[in-house]
Amino acid sequence: MLDTFTPQLLALFVASFWETLLMVGISGAVGTLLGLPMGVFLHLTDHGGVLENLTLNRIVGTVVNAVRSTPFIILLVAIIPFTRLIAGSSIGTAAAVVPLTLAAAPFIARLVETSLREVDHGLVEAALAMGATTRQVVFKVLLPEALPGIVAGLTITLVSLTGYSAMAGAIGGGGLGDLGIRYGYQRFLPEVMLAVVLVLIVFVQVVQSVGDRVVRRLSHR
C-alpha cells in the first residue's frame with residue numbers, strides 16, 4: 001500500500017488538498033457575502049418584520065427555495081454556461097467555485113433567517129421605541145444577538161461545501177474529489193480513495209471543532 005504513494009502522488013495530494021481549501025474558502029466567503037444580507041432581508045420583510053413586505057418576501061423566498069432544492073450535481077451541470085461566462089471554463093478549481101457559491105448563498109440565507117428569528121422580539125421593539133433606524137436595529141440588535149447561531153450556521157455550511165467540493169470532482173472540478181475519482185476509482189487504487197476519505201474526515205472534524213469553539217466563546221461573552 002505504501003508503494004502506491006510515490007513522491008509524485010503525495011505532491012498531487014498536497015496540491016489537491018490546497019485546491020479543496022480554495023474552493024471551500026472562496027465559495028464560503030462569497031456565499032456569506034451574498035447569503036447574509038439575503039437572510040436579513042427575508043427576516044425583515046417577513047410577517048411582523050420591521051420592513052414587512054410579504055410579496056417581496058415570497059418572491060425572494062421562492063428563488064432561495066428553488067436553488068436549495070436543486071441537487072448539487074444537477075446544479076453543477078445546469079449552470080455550465082453561466083460558469084463559463086464567469087470563470088472562462090467549466091472545469092477546474094475556479095470553475096467549481098461558481099456552483100459552490102450559488103449552492104452556499106441560499107443555504108446561508110435560510111440559516112441566517114432562522115438565527116434572526118431566535119432573537120427576542122422585545123429587544124427589537126425596545127430599540128424601535130427609542131427611535132432606532134432599521135440599520136441600527138440590524139447592526140446593533142439583530143446581528144449581535146444572533147451571532148452565535150450565525151457562526152454555527154456558517155460552520156455547517158463549510159462542512160456541506162466540503163462534501164460538495166468533492167462532488168465537483170466528478171466533472172473535473174479539481175481538489176480531493178477529483179483525485180479520488182481519477183486515481184482511486186478510474187485507476188483502481190482503493191488505498192488512494194481511502195486516503196482521500198480520511199483526509200476529508202479530518203478536515204471536516206477540524207472545521208466543526210473550530211466552529212463549535214467560536215460559538216461557545218460568543219455564547220459566553
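Residues numbered from 1 in each chain as written. Predicted model: local features only at pLDDT ≥ 70, side-chain atom pairs only at ≥ 80, totals over all residues. Heavy atoms only, no water.

Novice: Requested: an account of the overall build of the protein chain, with residues and values cited.
Specialist: Helix and strand content of the protein chain: 9 helices and 0 strands. Helices and strands appear in the protein chain in the N-to-C order α-α-α-α-α-α-α-α-α. Projected onto its principal axes, the C-alpha positions of the protein chain cover 70 × 40 × 25 Å. The buried share of the protein chain, taken over its 221 residues, is 38%. Restricting the contact set of the protein chain to residue pairs at least 6 apart, pairs at least 24 apart contribute 71%. Here the protein chain has roughly 12,000 Å² of accessible surface; of this, 67% comes from carbon and sulfur atoms. (Helix = DSSP H or I, 4+ residues; strand = E, 2+ residues; numbered from the N terminus. Buried < 20%, exposed > 50% of the residue type's maximum accessible area, 1.4 Å probe, protein only. Contact = heavy atoms within 4.5 Å. Areas by Shrake-Rupley, 256 points an atom, 1.4 Å probe, with all protein chains shown as cover.)

Novice: Report on the packing of aromatic side chains, specifying residues and quantitative values.
Specialist: In this structure the tally under the stated criterion is 2 aromatic pairs. Measuring from ring centre to ring centre gives 4.6 Å for phenylalanine 72 and tyrosine 164, while their planes differ by 10 degrees; the resulting arrangement is stacked. Taken together, the residues span a long stretch of sequence, with phenylalanine 72 in helix H3 (residues 72-78) and tyrosine 164 in helix H7 (residues 134-168) at a distance of 92 residues. (Phe/Tyr/Trp six-rings, centres within 6.5 Å; stacked < 30°, edge-to-face > 60°.)

Novice: Describe a nonpolar patch on the surface, listing the residues and the values that go with them.
Specialist: On the surface, a cluster of nonpolar side chains totalling about 560 Å² of accessible area is made up of Tyr185, Met193, Leu194, Val197, Leu198 and Ile201. In terms of residue count, helix H9 (residues 190-219) provides more of the nonpolar patch than any other element does, 5 residues in total. Along the chain, the position of tyrosine 185 falls in helix H8 (residues 175-185). Note on tyrosine 185: relative accessible area 60%, which makes it exposed. (Patch = residues over 30% accessible without salt bridge, like charges linked within 9 Å, V, L, I, M, F, W, Y side chains within 5 Å. Salt bridge = Lys/Arg side-chain N within 4 Å of Asp/Glu carboxyl O.)

Novice: Please provide a residue-by-residue account of the environment of threonine 83, values included.
Specialist: Turning to its location among the elements, threonine 83 is positioned in helix H4 (residues 80-87). For threonine 83 and valine 151, which are 68 residues apart along the polypeptide, the C-alpha to C-alpha distance reads 28 Å. Discounting chain neighbours no more than four positions away, the residues touching threonine 83 are Gly88, Ser89, Ser90, Ala95, Val98 and Pro99.

Novice: Which residues make up the nonpolar core, and what are the values?
Specialist: Formed by 29 residues in total, the largest nonpolar core has its most connected members in Val40, Phe72, Val112, Leu116, Val138, Leu142 and Leu143. Listed by contribution, the elements that provide at least two residues to this core are helix H1 (7-44), H3, helix H5 (93-117), helix H6 (121-129) and H7. Not counting residues up to four positions away in its chain, the partners in contact with leucine 143 are Leu36, Val40, Leu116, Val138 and Ile150. Grouped together as the second largest cluster of nonpolar side chains are 9 residues, Leu176, Ala195, Val196 and Leu200 included. (Core = buried A, V, L, I, M, F, W, Y, C linked by side-chain atoms within 4.5 Å.)

Novice: Let's hear about H9: which residues, and what values?
Specialist: Given 3.6 residues per turn, any residue in an α-helix points the same way as the ones three and four places further on. Here H9 is 30 residues long and its end C-alpha atoms lie 43 Å apart, about the 44 Å a rise of 1.5 Å per residue gives. Buried within H9 we find Glu191, Val192, Ala195, Val196, Leu200, Phe203, Val207, Gly211, Val215 and Leu218. For H9, the secondary structure elements touched by its buried residues are H1, H7 and H8. (Expected span 1.5 Å × (residues − 1).)

Novice: Hey, could you go over H6 for me, with residue numbers and the actual values?
Specialist: Of the residues flanking the start of H6, the one acting as N-cap is aspartate 120, its side-chain oxygen 3.0 Å from the backbone nitrogen of glycine 122. Positive backbone phi, approximately 90 degrees, marks glycine 131, located one or two places after H6. (Polar contact = N/O pair within 3.5 Å; in protein donor to acceptor, adjacent residues only side chain to side chain.)

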